[in-house]
Amino acid sequence: MPADHRERPDRARSGDAGLLAGRPEERKAPRREKNSRLLALATLSMLAFPAVGRGESQSRFAVLISNNTGQDPARSLHYAEADAMRLRDVLVDLGGFPGEHVTLVTGQNAAVARTALARVFAAASSAPGGATVLVYYSGHATPAGLELGSSLLPFDELRRWAREGAGTTRILVIDACHSGVVLRPKGGRLERGFDIETDLASEARGYAILTSSADAEQSQESSAIRASVFTHHFTSGLRGAADTTGDGRVTLSEAWNYVSRRTTAASLLTSAGPQHPAFELHLAGHQEPQLTEVRSASARLTVESSSERRVFLVAMTPSGGDRRLVAEGLVGPDAALTIALRPGRFEVLAKGEWGDFASREIELAAHDHGRISTSEFEPRTLVRSAEKGGLF
């Protein structure tokens, strides 16, 4: 198919073919030749903070902007607005963001988004004890900025909010094609990591910008997971898949390391080409920002395995009809996987070394912490789709 047309996801699938098979489709813009200035990737695991904290004295605010439609209505997305809703649930359930502090701007134009940003940053400026502000976008974009319907929100504006806006800690996450453009400074060089200063501050101060792709790359969404590739792995990480220390908390560096690794791996063999998430971070303080606390979930599930397997958690409706991939992660003999969930019924699928699947269903009530081992799973045959390649 032509590269400048987005492949529409199959809406009807039998069995699990639509859930665990399929390739990401082009998401926000026509494919371009890869820019030789691809943003260098850095590994945040090399950076050490003496302590980790969510900043209980700080207020937390979020603006989640999404639009399935860009300036070309023929290239409408399917999951951008759902991405924002998924992230909202994670932030409210696990991130210490009060529901009334999370502003959703869904399917609106740039003027509405601008107003929401101004209001939230104004509230953050008057918050006693400081504030953390998280701004997220999912949708179409061009190298000039975010496409909100027929309107445009320039990258320059977003850059100013991140670098100069109110709030002790400001985090900007953009899931869109060409999103790495926002990292281009006017003169000077890209920040390659944290600028760590030792001072009397107990919490991190400054800003972080995370993008789903480099400046000349596409970002992709997938009918298999019913989400964008980047946001799916971002929310999976925040639910616990990124918790490499096993302390029940997910920090900014843990989330970044997980989402950058998984997004690139998941998009390597797609027709649109690999995505390389990029970042700019300028933070100082004694504590690394904590994004979520897995232990605060209304329900949790820990999966153990004697061999390395990738595990997928699929939420099921009471009737068993609708199925939705909630999270995924890696489990092995040296590391169990704990995922924060809402109460409900789930099928847990484990993928073996040779692509074989085994599964088990489990019901989690409020305050449950379930524990299961892949040794208890039954072999599972999945119905394959006609699509070639796959995310998993």
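### Description of the layout of surface pockets
Estimates place the volume of the largest pocket at around 590 Å³. In terms of lining residues, the largest pocket is bounded by 27 residues, among which Ala-241, Asp-243, Leu-330, Ala-335 and Ala-336 are the most central. Of all the secondary-structure elements, those providing two or more residues to the lining of the largest pocket are helix H5 (229–241), helix H6 (252–267), strand S18 (323–331) and strand S19 (337–341). With four residues, the top contributor of residues to the lining of the largest pocket is H6.

### Some points on the packing of helix H2 (residues 80–94) against H5
Two numbers describe how H2 lies on H5: the axes approach to 10 Å, and their chain directions differ by 10°. Here H2 is positioned roughly parallel relative to H5, judged by the angle of their axes. With respect to the hand of their crossing, H2 and H5 are arranged in left-handed fashion. Here H2 contributes Asp-83, Arg-86, Leu-87, Val-90 and Leu-94 to the contact with H5, which in turn contributes Thr-231, His-232, Phe-234, Thr-235, Leu-238 and Arg-239.

### Some remarks on the packing of aromatic side chains
For the structure shown, the criterion picks out four aromatic pairs. Arranged with centres 6.0 Å apart and planes meeting at 20°, the rings of Phe-230 and Phe-234 form a pair that is stacked. With Phe-230 and Phe-234 both in helix H5 and four residues apart, this pair spans about one turn of that helix. A relative accessible area of 0% means that Phe-230 is categorised as buried. Taking the relative accessible area as the measure of exposure, Phe-234 reaches 3% and is therefore buried.

### Comments concerning the pattern of salt bridges
Counting across every chain of the model gives 16 salt bridges. Between Arg-88 and Asp-89 there is a salt bridge whose closest N-O contact spans 3.8 Å. Judged by its relative accessible area of 21%, Arg-88 is partly exposed. Asp-89 gets classed as partly exposed once you look at its relative accessible area, which sits at 21%. Taking the shortest distance from any N to any O, the salt bridge between Arg-380 and Glu-347 comes out at 2.8 Å. Placement of the pair is Arg-380 in strand S23 (residues 378–380) and Glu-347 in strand S20 (residues 344–351), with a sequence separation of 33 residues. Judged by its relative accessible area of 24%, Arg-380 falls in the partly exposed class. Among the residues examined, Glu-347 registers a relative accessible area of 3% and is labelled buried. Among the charged side chains, a salt-bridge network with shared partners connects Arg-88, Asp-89, Asp-93 and Arg-342.

### Considering the confidence of the model for the protein chain
Of all residues in the protein chain, 77% have pLDDT values of 70 or greater, and the mean over the chain is 80. Ranking the elements of the protein chain by mean pLDDT puts helix H1 (residues 17–20) last with 42 and strand S4 (residues 102–106) first with 98. In this model, residues 185–201 is a region of pLDDT below 50 whose contacts with residues beyond four sequence positions or in other chains number 36 contacts. Scored below 50 in pLDDT, residues 384–392 makes 32 contacts in the model with residues more than four places away or belonging to other chains.

Rules of the game
Residues numbered from 1 in each chain as written. Predicted model: local features only at pLDDT ≥ 70, side-chain atom pairs only at ≥ 80, totals over all residues. Heavy atoms only, no water. 1 Å grid on protein atoms, 1.4 Å probe; cavity = no way out; pocket = protein on both sides within 12 Å on 5 of 7 lines; lining within 4 Å. Points joined across faces, edges and corners; volume = space filled by probe spheres on them. Helix = DSSP H or I, 4+ residues; strand = E, 2+ residues; numbered from the N terminus. Axes fitted to C-alpha atoms, helices over the stretch in contact; angles between N-to-C directions. Parallel < 35°, antiparallel > 145°, perpendicular 65-115°, else oblique. Left-handed = near helix turned anticlockwise from the far one by under 90°. Contact = heavy atoms within 4.5 Å. Phe/Tyr/Trp six-rings, centres within 6.5 Å; stacked < 30°, edge-to-face > 60°. Buried < 20%, exposed > 50% of the residue type's maximum accessible area, 1.4 Å probe, protein only. Salt bridge = Lys/Arg side-chain N within 4 Å of Asp/Glu carboxyl O. pLDDT = per-residue confidence, 0-100.

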